[in-house]
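A look at the structure
Letter by letter, the chains look like this.
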Amino acid sequence: TTFEFTNSGKAPLVIVSMKGSCGCTVANDWPKEPIPVGGKGSFTVKFNSKGKPNMQQKNITIVANTEKGREVVKIKANVKPSSSK
C-alpha cells in the first residue's frame, strides 16, 4: 500500500526512519530529502500475511522532526486463509 501525506507543519519535514512493528511489516521508499511546508510525499508499506490468519493490526513508527518526534501509522487487515483444493 502507498500512503501519501502533506507537510502541514511550519518547517520542512525531515523523516529520519520508518520501522514496522514486526518483520512482516516493512516500510520503504520514504522521502530522504526534507519536504517543504505544503509539500507532498509518500511511502510504501508491505505486509506479509503468510501464517497470520484473522484480524491483524500492525504499526509503522516514523521518526521525524515533528513535535512528538515519533508518529505512528496503523494498518489493519482481515486475513482469510486460502482454501486448499
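That block above? That's the structure.
Presented here is a report on the structure given in the accompanying data block. Since this is a predicted model, take the numbers as computed values, not measurements.

All right, on to the sheet that holds strand E3 (residues 25-28) then. Here three strands make up an open sheet; going across it, the order is E1-E4-E3 and the pairing antiparallel. Bordering the open sheet on either side are strand E1 (2-6) and E3, each of which pairs with just one other strand. Here the strands of the sheet are splayed against their neighbours by 25° on average, with no regard to which way each runs. Where E3 meets strand E4 (residues 40-47), four bridges bridge the pair, whose relative direction is antiparallel. When the bridges of E4 are listed, Ala27 appears paired with Val45.

Although it is not a glycine, Asp29 sits at a positive phi angle of roughly 60°. Along the polypeptide, Asp29 turns up in the loop between E3 and E4. Notably, Asn54 is not glycine yet its phi reads approximately 75°, a positive angle. Residue placement: Asn54 occurs in strand E5 (residues 54-64).

This part is about the nonpolar core. In this structure, Ile15, Met18, Phe43, Ile60 and Ile62 are the most contacted members of the largest nonpolar core, which totals 14 residues. Those elements that place two or more of their residues in this core are strand E2 (15-20), E4, E5 and strand E6 (70-79). Here this core takes three residues from E5, the largest share from any one element. In this structure, Ile15 is in contact with Phe5, Trp30, Pro31, Ile35, Ile62, Val63 and Ala64, ignoring residues within four places of it in sequence.

The next point concerns the pattern of salt bridges. A complete count under the given rule lists one salt bridge for this structure. The residue Lys68 makes a salt bridge to Glu71 at a minimum N-O spacing of 3.6 Å. The exposure class assigned to Lys68 is exposed, which follows from its relative accessible area of 65%. Given a relative accessible area of 25%, Glu71 falls into the partly exposed group.

This paragraph deals with the side chain of Gln56. Inspection of the secondary structure puts Gln56 in strand E5. The exposure class assigned to Gln56 is buried, which follows from its relative accessible area of 14%. There is a polar contact of 3.0 Å between the side chain of Gln56 and the backbone oxygen of Pro53. Setting aside residues no more than four positions away along its own chain, Gln56 makes contact with Phe47, Ile75, Lys76, Ala77 and Val79.

Cut-off values and rules
Residues numbered from 1 in each chain as written. Predicted model: local features only at pLDDT ≥ 70, side-chain atom pairs only at ≥ 80, totals over all residues. Heavy atoms only, no water. Pairing = 2+ DSSP bridges. Helix = DSSP H or I, 4+ residues; strand = E, 2+ residues; numbered from the N terminus. Axes fitted to C-alpha atoms, helices over the stretch in contact; angles between N-to-C directions. Core = buried A, V, L, I, M, F, W, Y, C linked by side-chain atoms within 4.5 Å. Buried < 20%, exposed > 50% of the residue type's maximum accessible area, 1.4 Å probe, protein only. Contact = heavy atoms within 4.5 Å. Salt bridge = Lys/Arg side-chain N within 4 Å of Asp/Glu carboxyl O. Polar contact = N/O pair within 3.5 Å; in protein donor to acceptor, adjacent residues only side chain to side chain.

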